[in-house]
Amino acid sequence: MRLVNALATAGLTLLLGCQSVPPITVPQTANAQVPQGPPPKPRIALVLGGGAARGFAHVGVIRALEQEKIPIDMVVGTSVGSLIGAIYAADLSSFDLEWTAFQLEKEDLFDFGVLNAFVGMGLAKGDKLEAWVKGHVRTANIENLKIPFAAVASDLNWGYEVVLDKGSLARAVRASAAIPGVFPPVQHQGKILVDGGVVDNIPIAVARARGADIVIAVDISANVGNTNISNLLDVTLQATNIMFARNVEQAKKNADILITPAGIGDVGMLDFTQKKRCMLAGIDATKQAMPDVHKVIDAWVAAHARPAVPAP
């Protein structure tokens, strides 16, 4: 009897041991998502408008953007904007830009001459401007700059906008800054060119066409009032200033961020004594715009972020 009971007990134990044990499950987080790679980065363009001596404000704008670590992927400039933009695109350093730009004096750019005024096509020849760029910017050709760059000029024969993004950097800047009546037209790439501000003083559309996702534009053409006009040069510069200011009215509305340095509207187009004042105005205006700059960048990143995928 004891043997029977023992065998029964062993059989029952064996039977229970053969039953399957349910697997242990680890609860999964509902709707777990795995992000797809790093967040996208917008291509940011800096567009620098014309305004002669007021262009030192561009130096301040660039310094402030650099301090805030806002990446600049492209520079497009008209007139003095092309000059400041070319210096920066060559070195990508606001310190070097400031050092180089502040060496610039009116006499370095404007080679006025009585004979040239009578027999030439401008009050100055323009040779000094081109020579200054060659002597202070180490990169000779636009396509070799550290950052993509374009200078905007105007076709004097047909009134077209001309985008200069290859070839001689010094020649392109000279053409972009050839204020009609002050400098003679520039023959370049088979065209006769004058200041880009004649047709587009703040070339935002050029930056868009070149693939910019976000455009930060700098307008230094505000306040055209001038009651101190006494000679032919004054007339020419004031007429140019009015023209520059008027043709930005529509264009500037297409900028994602428009920076307008305040308090420099009374700076004459050839007044190189106000460099620091203009630069500080550019810094202040950019600092005020920084919340909007970050907001625009964050919104673009959010809109273009790659959708997450469910966890496996």
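Please refer to the structure placed before this passage.
The rules behind the values
Residues numbered from 1 in each chain as written. Predicted model: local features only at pLDDT ≥ 70, side-chain atom pairs only at ≥ 80, totals over all residues. Heavy atoms only, no water. Pairing = 2+ DSSP bridges. Helix = DSSP H or I, 4+ residues; strand = E, 2+ residues; numbered from the N terminus. Axes fitted to C-alpha atoms, helices over the stretch in contact; angles between N-to-C directions. Parallel < 35°, antiparallel > 145°, perpendicular 65-115°, else oblique. Left-handed = near helix turned anticlockwise from the far one by under 90°. Contact = heavy atoms within 4.5 Å. Nonpolar A, V, L, I, M, F, W, Y, C, P; charged D, E, K, R; others polar. Polar contact = N/O pair within 3.5 Å; in protein donor to acceptor, adjacent residues only side chain to side chain. Patch = residues over 30% accessible without salt bridge, like charges linked within 9 Å, V, L, I, M, F, W, Y side chains within 5 Å. Areas by Shrake-Rupley, 256 points an atom, 1.4 Å probe, with all protein chains shown as cover. Salt bridge = Lys/Arg side-chain N within 4 Å of Asp/Glu carboxyl O. Buried < 20%, exposed > 50% of the residue type's maximum accessible area, 1.4 Å probe, protein only. Core = buried A, V, L, I, M, F, W, Y, C linked by side-chain atoms within 4.5 Å. Phe/Tyr/Trp six-rings, centres within 6.5 Å; stacked < 30°, edge-to-face > 60°.

Participant: Account for the pairing of strand S7 (residues 191-195), with residues named and values stated.
Facilitator: The sheet contact formed by strand S4 (residues 149-155) and S7 spans three bridges and is antiparallel. Within S7, the residue paired with Ala153 across the bridge is Asp195. Pairing of strand S6 (residues 186-188) with S7 involves three bridges; the strand directions are antiparallel. Each residue of the ladder has a partner; that of His188, found in S7, is Lys191. Hairpin geometry of S6 and S7 is characterised by an intervening segment of two residues between the two adjacent antiparallel strands and by a positive phi of about 55° at Gln189.

Participant: Before we move on, could you go through the packing of helix H7 (residues 127-136) against helix H8 (residues 169-176) and cite the residues and values that matter?
Facilitator: Contact pair H7 / H8: the axes reach a minimum separation of 8 Å and the direction vectors enclose 140°. The angle between the axes of H7 and H8 places the two elements in the oblique class. In terms of crossing hand, the pair formed by H7 and H8 is right-handed. Contacts between H7 and H8 involve Asp127, Leu129, Glu130, Val133 and Lys134 from the first element and Ala170, Arg171, Val173 and Arg174 from the second. Here the contact of H7 with H8 is composed, by residue class, of four nonpolar, no polar and five charged.

Participant: So, the side chain of Ser93: which residues are in play, and what are the values?
Facilitator: Inspection of the secondary structure assignment puts Ser93 in the loop between helix H3 (80-91) and helix H4 (94-101). Looking at Ser93, its side chain comes within polar contact range of the main-chain nitrogen of Asp96, at 3.2 Å. Excluding its chain neighbours within four sequence positions, the residues that come into contact with Ser93 are Glu66 and Tyr88.

Participant: Now, about a nonpolar patch on the surface: what can you tell me, with residues and values included?
Facilitator: Taken together, the side chains of Ile229, Leu232 and Val235 present a nonpolar region at the surface, about 270 Å² in accessible area. Overall, the relative accessible area of 37% leaves Ile229 in the partly exposed class.

Participant: Quick rundown of the nonpolar core? Include the residues and the values.
Facilitator: Grouped together as the largest cluster of nonpolar side chains are 77 residues, with contacts concentrated most on Phe149 and Ile216. With 10 residues, the top contributor of residues to this core is helix H11 (residues 275-304). Those residues within four positions of Ile216 in sequence are excluded, and the remaining contacts are Ile44, Ala45, Leu46, Val47, Leu65, Ile70, Ile257, Ile259 and Val293. Counting residues in each nonpolar core, the second largest holds 16 residues, with Met74, Val152, Ile204 and Val248 among its members.

Participant: Residue-level account of the packing of aromatic side chains, with values.
Facilitator: Taken as a whole, this structure holds two aromatic pairs when the rule is applied. Here the aromatic rings of Phe56 and Phe102 are separated by 5.8 Å at their centres, their planes lie at 70°, and the arrangement is edge-to-face. Of this pair, Phe56 sits in helix H2 (residues 56-67) while Phe102 is found in the loop between H4 and helix H5 (106-109), placing the two residues 46 residues apart along the sequence. Note on Phe102: relative accessible area 26%, which makes it partly exposed. On the numbers, 5.7 Å between centres and 85° between planes, the contact of Phe56 with Phe272 is edge-to-face. In this pair, Phe56 is assigned in helix H2 and Phe272 in the loop between strand S9 (257-259) and H11, connecting sequence segments 216 residues apart. Across this residue pair, the class does not change: Phe56 and Phe272 are buried.

Participant: Describe the pairing of S4, listing the residues and the values that go with them.
Facilitator: Extensive coverage of S4 is indicated by the burial of seven of its seven residues. Bridging between strand S3 (residues 74-78) and S4 involves four bridges; their strand directions are parallel. For Val76, the partnering residue across the bridge sits in S4 and is Ala150. As defined by bridge partners, S4 adjoins strand S5 (residues 161-164) across four bridges and the pair is classed as antiparallel. Paired with Ala153 across the two strands is Val162, which belongs to S5.

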